[in-house]
Amino acid sequence: MTLMIRNDVIDADNAVRLADLKADYDYLGAQLSRRGIDIGAIKEKVSAYGVAVPSWGVGTGGTRFARFPGTGEPRNIFDKIEDCSVIQQLTRATPTVSLHIPWDKVDDLSELKEKGSALGLGFDAMNSNTFSDAPDQAHSYKFGSLSHADAATRRQAVDHNLECIEIGKALGSKALTVWVGDGSNFPGQSNFTRSFERYLESMNAIYKGLPDDWRIFTEHKMFEPAFYSTVVQDWGTNYLIAQELGPKAYCLVDLGHHAPNVNIEMIVARLIQFKKLGGFHFNDSKYGDDDLDTGSIDPYRLFLVFNELVDAETRNAEGFSPAHMLDQSHNVTDPIESLMNSAMEVSRAYAQALLVDRNALEGYQDSNDALMATETLKSAFRTHVEPILAMARFEAGGAIAPVAAYRASGYRAKVSSERPASKSGGGGIV
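Residues numbered from 1 in each chain as written. Predicted model: local features only at pLDDT ≥ 70, side-chain atom pairs only at ≥ 80, totals over all residues. Heavy atoms only, no water.

A.B. asks: Describe the environment of glutamate 386, naming the residues involved and giving the relevant values.
C.D. replies: With respect to the helices, strands and loops of the structure, glutamate 386 is situated in helix α14 (residues 386–395). Separated by 201 residues in the primary sequence, glutamate 386 and asparagine 185 place their C-alpha atoms 46 Å from one another. Residue contacts for glutamate 386: discarding those within four places in its chain leaves Arg348 and Arg393. (Helix = DSSP H or I, 4+ residues; strand = E, 2+ residues; numbered from the N terminus. Contact = heavy atoms within 4.5 Å.)

The following block contains the structure:
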């Protein structure tokens, strides 16, 4: 397998940390044993967990006002998956990459698949892009795509999604994620009912092109880029779409696509209950769709989401098989470092949720003991599970401290010398 960072660099960094890790792991193991929890069983589940990284996430993002490029930015999808492989090599938690078309289009898909295999990476859900115009496309998406009033524009958007399916089939993907920026900026600009009818008609055409073993994920977003109305604006509309399309259609939950204080974990529970939870785009937000690093603002909310996921996992909820992916915009940090930290935060929330005493929690819920019910959750959340995560990484050949090992490797300086510097440009989130 092709390694972007030499193993001896990782081994050297691990060597100075291993004794402390073993001591911390044994200490935590004794603590958990007194609570009736086998630390080895938790570590095994954490080791098996993986979250996909977005190909676009390894580039520097931006705001609608400006973008300030970082050094050594990837020039193409081949550079991108090399950066993604670094994240997997160090964290052992990101075995797949999610591609965005047309940004990641290549002439030779077999070459891309072989490159991924050589780097030890698979390909997760495909992402279509009809929220911006590609060079030389016939019809603009300025006023919408799948819900556009013009039939030719809608057909172009449908054809693009069908092309994404074909690309995914060649790469071994099994899902298509569709997010559209369709909506309106002024009252009266768009007829709510007719635009949604057109959207459903277009999505049905895409759905018919899905292979039997594929799923399609629709993603809701309350605002942006349209600020008055959005065609797929909340989880209720998203659920209606999944119901209308059929059994291969599911709802994707992006943690940043909600108003502040929305109870996202309750939305997750509802979608699990009605067998329509397709997956996640993990990130964090302060005001709404900020695409911040996962767990950087509200790690307790992330834990509460995973509490619902582990609850469903524990009781073998019917139809429960969500896809997990990061979706972030890194404006002031090294994207590789942010994605590594985020992958570890998602793993942390999973490990914490695995520690919840479910029998005790159910008893407190049934007896209306609100205080002890919430303390049961907090007891798991307060547990310092880092030794479990680090030991899982170490035993899988990863880094005990991924960011430290990454910095010691000099990878960013190396690719900066190989990749031409990007020029700072205008606005636009990438």
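A.B. asks: Would you mind going over the environment of arginine 270 in detail, with residue names and values included?
C.D. replies: Assignment of secondary structure puts arginine 270 in helix α9 (residues 264–273). Taking C-alpha positions, arginine 270 is 9.9 Å from glutamate 308, a pair spaced 38 residues apart along the chain.

A.B. asks: Tell me about the sheet that holds strand β12 (residues 323–326), and please be specific about residues and values.
C.D. replies: What the seven strands build is an open sheet, ordered β3-β5-β6-β8-β10-β11-β12; its pairing is parallel. Edge positions in the sheet fall to β3 (100–101) and β12, since each of these pairs with one other strand and no more. Sheet analysis places strand β10 (residues 249–254) next to strand β11 (residues 277–282), joined by four bridges and oriented parallel. When the bridges of β11 are listed, cysteine 251 appears paired with leucine 277. (Pairing = 2+ DSSP bridges.)

A.B. asks: Summarise the state of the cysteines; cite the residues concerned and give the values.
C.D. replies: Within the structure shown, the criterion is met by zero disulfides. Of all cysteine sulfurs, the one in cysteine 164 lies closest to cysteine 84, which takes part in no disulfide; the gap is 18 Å. The thiol of cysteine 251 is unpaired, and the distance to the nearest cysteine sulfur, on cysteine 164, comes to 20 Å. Of the residues examined, cysteine 251 reaches a relative accessible area of 1% and is grouped as buried. (Disulfide = S-S within 2.5 Å. Buried < 20%, exposed > 50% of the residue type's maximum accessible area, 1.4 Å probe, protein only.)

A.B. asks: I'd love a proper account of the nonpolar core, names of residues and values included.
C.D. replies: Within the largest apolar cluster, 108 residues are counted, with the highest numbers of intra-cluster contacts made by Phe282 and Phe306. At 10 residues, the largest contribution of residues to this core is made by helix α11 (residues 335–354). Look past the residues within four positions of phenylalanine 282 in its chain and what remains in contact with it is Tyr49, Val51, Leu255, Thr294, Leu302, Phe306, His324, Met325, Leu326, Asp327, Gln328 and Val346. (Core = buried A, V, L, I, M, F, W, Y, C linked by side-chain atoms within 4.5 Å.)

A.B. asks: Describe the packing of aromatic side chains, and please don't skip the residues or the numbers.
C.D. replies: Any pair of aromatic rings gets described here by the distance separating the centres and the angle formed by the planes. Applying the stated criterion across every chain yields a total of 15 aromatic pairs. Here tyrosine 239 and phenylalanine 274 contribute two aromatic rings whose centre-to-centre distance is 6.2 Å and whose plane-to-plane angle is 65°, an arrangement assigned as edge-to-face. Taken as a pair, tyrosine 239 in helix α8 (residues 235–245) and phenylalanine 274 in the loop between α9 and β11 lie far apart in primary sequence, 35 residues in all. Considering the side-chain rings of phenylalanine 280 and phenylalanine 282, the 5.1 Å spacing of their centres and the 10° angle between planes classify their relative orientation as stacked. Its relative accessible area of 1% is what places phenylalanine 280 among the buried residues. (Phe/Tyr/Trp six-rings, centres within 6.5 Å; stacked < 30°, edge-to-face > 60°.)

A.B. asks: Provide a residue-level description of empty space enclosed by the protein, including the pertinent values.
C.D. replies: Taken as a whole and judged by the stated rule, the model has two cavities of 30 Å³ or more. Reported here for the largest cavity is a volume of approximately 50 Å³. The wall of the largest cavity is formed by Asp124, Ala125, Thr177, Phe217, Leu252, Gly279, Phe280, His281, Ala323, His324 and Met325. Elements supplying a minimum of two residues to the lining of the largest cavity: β11 and β12. (1 Å grid on protein atoms, 1.4 Å probe; cavity = no way out; pocket = protein on both sides within 12 Å on 5 of 7 lines; lining within 4 Å. Points joined across faces, edges and corners; volume = space filled by probe spheres on them.)

A.B. asks: Before we move on, could you go through a negative patch on the surface and cite the residues and values that matter?
C.D. replies: A grouping of Asp107, Asp108, Glu111 and Glu114 is seen on the molecular surface, where their side chains present a negatively charged patch. With respect to the helices, strands and loops of the structure, glutamate 111 is situated in helix α5 (residues 109–118). Among the residues examined, glutamate 111 registers a relative accessible area of 42% and is labelled partly exposed. (Patch = residues over 30% accessible without salt bridge, like charges linked within 9 Å, V, L, I, M, F, W, Y side chains within 5 Å. Areas by Shrake-Rupley, 256 points an atom, 1.4 Å probe, with all protein chains shown as cover. Salt bridge = Lys/Arg side-chain N within 4 Å of Asp/Glu carboxyl O. Lys, Arg positive; Asp, Glu negative; His and termini not counted. Charge placed at Lys NZ, Arg CZ, Asp CG, Glu CD.)

A.B. asks: Before we move on, can you summarise helix α1 (residues 7–15) with the specific residues and values?
C.D. replies: Three or more residues of α1 are buried, namely Val9, Ile10, Asp13 and Asn14. For α1, the angular spread of the buried residues around the axis is 130°, confining them to a single face. On its buried side, α1 packs onto α2 (18–34), α4 (77–91), α14 and α15 (402–409). (Arc of directions from axis to C-beta.)

A.B. asks: An account of the pattern of salt bridges is needed here, citing residue identities and associated values.
C.D. replies: Two side chains of opposite charge can pair, provided their charged atoms sit close to one another. Summed over the entire model, instances satisfying the criterion amount to 27 salt bridges. A salt bridge links lysine 43 to glutamate 395, with the shortest nitrogen-to-oxygen separation between them at 2.8 Å. Taken together, the residues lysine 43 in helix α3 (residues 39–48) and glutamate 395 in helix α14 connect sequence positions 352 residues apart. The class of lysine 43 is buried, set by a relative accessible area of 13%. In this structure, lysine 105 and glutamate 163 form a salt bridge, with 2.8 Å as the shortest nitrogen-oxygen distance. Of this pair, lysine 105 sits in the loop between β3 and α5 while glutamate 163 is found in helix α6 (residues 151–171), placing the two residues 58 residues apart along the sequence. Judged by relative accessible area, which is 43%, lysine 105 ranks as partly exposed.

A.B. asks: Any chance you could break down the environment of arginine 407 for me, citing the residues and the numbers?
C.D. replies: Counting through the fold element by element, arginine 407 comes out in helix α15. Its relative accessible area of 59% is what places arginine 407 among the exposed residues. The spacing of arginine 407 and glutamate 337 is 70 residues in sequence and 9.0 Å in space, taken between C-alpha atoms.

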